[in-house]
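Descriptive analysis of the structure
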Amino acid sequence: MRHVISAQVENRFGVLAHIAGLFAARGYNIESLAVGPTHDPSISRMTIVVTGSDRVLEQVNKQLNKLIDVIRVQDLTAEEHVERELVLLRVKSNPKTRGEIAQIAELFDARIVDVRPGAITLMIADTQDRITALTEMVRPYGIHELVRSGSLALART
Amino acid sequence: MTTETTPKPQHPPLEPATEGQVLSGAEILVQSLMRAGVDVAFGYPGGAIMDTFHFLNRSPIEFILSRHEQGATHMADGYARVTGKAGVVIVTSGPGATNTITGIATANMDSVPLVVITGQVPTTMVGNDAFQEADVVGITRPISKHNYLINDVRDVARVVREAFHIATTGRPGPVVIDFPKDVQQAQTAFHWPESVDIRGYRPDRLEKKISPSHPMVQKAAKAIMRAKRPVLYVGGGAVIAGASEEVTALARRCQIPVTTTLTGLGAFPEDDPLSLQMLGMHGTEYANYAVDQCDTIIAVGARFDDRVTGKIAEFMPQCECVIHIDIDPSSISKNIQVDIPITGDAKACLAALLELVEPTERSEWAEQVLAWKKHHPLREEFGDDEIHPQRVISAIDEIAGPDKITVTDVGQHQMWACHFITHLRPRSWLSSGGLGTMGYGLPAAIGAKVAAPDRAVWCISGDGGIQMNMQEMTTAALNEIAVKVAVLNNQYLGMVRQWQQLFYGRNYSYTCLRRRSICEKVCRDPGSGKCQAYLPNIVAMAEACGWQAQRVERRAGIRDAIQWAEETPGPVLLEFSVHREDNVWPMIPAGQGVKKMMRGMELI
């Protein structure tokens, strides 16, 4: 099962390495990891997406909690939460297809952030389903490159 | 007329620093150690830690100069296991630091509090492949409880304060402080923090919550009262928590037989009829039978490790209720699904339980356990006159008496020491359980003797293990640390040889320590007696290091030699030429269940 873990950690060097090492040493594969400071600059928030059985995830949570630099760990999967991911994708385009691609972008609330001869760059910040749907829609035009931020998630309360 | 002479060096003793006094980082570190109550430290100097050493010999801290940094780390470990205080190690950067790694990993696996201070190249050179540079924080990350690289001299006192707090609270463990040379030399005002506040580390929260009204404690008490065939399974956590009295009280009040893990030995007195001694791969038959038949298990500060459980699917098949008391939540439900988890300090948890449970009679179960103990004792009878390791250990146990501290290396002799030493008190048994570190014994015994100079400290070692940190014999002699060492020399790496005999068709591949370059690669006639002479001469080496030493080759000499060692002041080594191919029984082969228990060669 897919789990979204949100961890508040000390904003210090070495913390990311510690957490990555913890996952690697136990053979847990990280699907995505996003990290950045919070409104309190001494605290960073990490959103970690991992797949595994509930037992494996219970261990992951406990091991994360054991780290001195980890302040709080939440498994958001069981809670009400909002989750979004940011994706940039550069799609092949010509004067004929540009309009079609723009139309698709509009349908998905994606933004056109760059246009140049031969390519158009879209940005979408949405759920994984909608991102996948958009990607499938523009795939026939030819995707040059795609980059994902990894999921960001917050509990609703 | 005056005569000019070279002035003698003037290095006055270190006075305790006053609040706000401007000092170098190096002096702040030493002052902080003094404030943290450190009375002894172990280690080895070098380029990147010289500034700190400049203050060390003028401080009231006793410093034991080892002959290798691994030795120093095990000494600090031995000191910590006996006292419960953090053992302190001070070494230099690069190789000095990497030499401590085995010692740090050993302490980490067995939850031993250490504070290891490693010199580091100046911050301006970190990451530049500078001379004697190693990424100590990176290397120690997975084998320590926590680590620090001090970048700012203003952090030194706080880091030391936090390091001791982290090392000794919760589930204890080693903390590493990497200390760059320029930070040692920089100056700032000394401020010793009155309290520690680490927002990601609040072990006291767990400890405070436990009371008789705690729902899990109530559930556990009911389960214990209801159980027909309960077993207490007690690990090193009970020793660390100082919970022996509570374990003993619970066992006696509710008539629960007690088995301990290797690190838990001493948490429950083995002269009590309820004692089942050690369980697991080389546990007693009765301990393993009791666990196999139990309907309720109460695990206290133990972590269901693979040497205890064997094949998980066949472990405790009749057990209906697993109660697990542990301070480390990540140990609970890691290997075994737990029904009643109680996270907290073992002493507090058991004290809360004791307020709820009432005296219980379980005569049927007690009779069954006594019958197992009677019919399946640990065997020590041999129909010959040879020196068997079991005989030596029993003699040490008897002659050195109940007040001794026993330290071991790793291997067959370690298992025999588990069996044939009567473990009566906590913090009197030091052995590398989790990591299984050969070479642990001698230096850990030195640390133990420093911690308890008035108690007899016996290191039981093998000829393999003793050679791994033999250089520390010099340390013991020079510092007048009167440890007694019994080397059970079977001229093999005995435990590996035992496995080769049982599972690899007696192919003694590189386990014979008499092997020389002229031997055939595959020995056709192991133990035939045609082998080359044994090297080194262990007795001569001990004597060369300033020890008293004797070799014992006849059974009749065992007791006299041990008596002589006890009466001789200073460090003493006894080398016993023991039977070469004795095996440790019983044995449950790795990954098997109790049904596959082997009781001797005749049953294979």
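All figures in this text were calculated on a predicted structure; none of them were measured in a lab.

With that out of the way, let us pick up the domain arrangement of chain B. All names here are of chain B. In terms of domains, chain B is made up of domain 1 (22-201), domain 2 (205-375) and domain 3 (389-584). The gap between the C-alpha centroids of domain 1 and domain 2 is 36 Å. Taken together, the contact pairs six residues of domain 1 with seven residues of domain 2. Of the roughly 520 Å² buried between domain 1 and domain 2 on both sides combined, carbon and sulfur atoms contribute 57%. Across the contact surface, domain 1 and domain 2 share one salt bridge. When the shortest N-O distance is used, the salt bridge between Arg-171 and Asp-328 registers 2.6 Å. Linking domain 1 with domain 2 are two residue pairs in polar contact (both at pLDDT 80 or more), by the criterion used here. Residues belonging to the side of domain 1 that touches domain 2 are distributed by class as follows: two nonpolar, two polar and two charged.

Another aspect to go through is unusual backbone geometry. Residue and element names in this part refer to chain B. Following Leu-535, the chain continues into Pro-536 via a peptide bond in cis, with omega recorded as 0°. Note that Pro-536 resides in the loop between helix 22 (494-503) and helix 23 (538-544). Between Trp-585 and Pro-586 the backbone carries a cis peptide bond, its omega angle lying at -5°. As for its placement among the helices and strands, Pro-586 is situated in the segment after strand 20 (572-577). With a phi close to 60°, Ser-333 is a non-glycine residue in the positive phi region.

All names here are of chain A. According to the domain assignment, chain A consists of domain 1 (2-79) and domain 2 (82-155). Domain 1 puts 12 residues into the contact, and the matching count from domain 2 is nine residues. Together domain 1 and domain 2 conceal approximately 670 Å² of surface at their shared face, both sides included; 55% is due to carbon and sulfur atoms. Where domain 1 touches domain 2, the interface holds one salt bridge. At the junction of domain 1 with domain 2, the criterion picks out two residue pairs in polar contact (both at pLDDT 80 or more). Sorting the residues of the side of domain 1 that touches domain 2 by element identifies strand 1 (2-10), strand 2 (30-37) and strand 3 (43-51) as the ones contributing at least two each.

All names here are of chain B. Overall, the coordinates contain 36 salt bridges over all chains when judged by the stated rule. The closest approach of N and O atoms between Glu-246 and Lys-347, which form a salt bridge, is 3.2 Å. Here Glu-246 is found in helix 12 (residues 244-254), whereas its partner Lys-347 is found in helix 15 (residues 346-354), with 101 residues between them in sequence. Glu-246 sits in the buried class, given a relative accessible area of 12%. Relative accessible area serves as the criterion here: at 32%, Lys-347 is assigned to the partly exposed category. Across the pair Asp-403 and Arg-425 runs a salt bridge, and its minimum N-O distance is 2.4 Å.

What counts as what
- Every chain begins its residue count from 1, and numbering advances along the sequence as written.
- For this description, chains carry letters from A and ligands carry numbers from 1, given in the order in which they are written.
- With pLDDT at 70 or above as the cut-off, local features in this predicted model cover only qualifying residues; side-chain atom pairs require 80 or more to be listed or tallied, and sums for whole chains, interfaces and linings still use all residues.
- Excluded from the side-chain calculation are hydrogens and water; included are all heavy atoms of the structure.
- Where each domain begins and ends is defined by an automated method or by a domain database.
- In this description, contact between two residues means that some pair of their heavy atoms is separated by no more than 4.5 Å.
- Put simply, buried area is how much 1.4 Å-probe accessible surface two parts lose in total, over both of them, once they are put together.
- The term salt bridge refers to a pairing of a side-chain nitrogen on Lys or Arg with a carboxyl oxygen on Asp or Glu at a separation within 4 Å.
- Residues adjacent in sequence count toward polar contacts only when both atoms are side-chain atoms; beyond that, a polar contact is any pair of N or O atoms within 3.5 Å, and within protein one must be able to donate a hydrogen and the other to accept it.
- Polar here means any residue outside two lists: the nonpolar Ala, Val, Leu, Ile, Met, Phe, Trp, Tyr, Cys and Pro, and the charged Asp, Glu, Lys and Arg; Gly therefore counts as polar.
- Helix and strand definitions follow DSSP, with helices as H or I runs of at least four residues and strands as E runs of at least two, each counted in order from the N terminus.
- Only protein chains enter the calculation, and the probe is 1.4 Å; a residue is then buried if its accessible area is under 20% of its type maximum, exposed if over 50%, and partly exposed in between.

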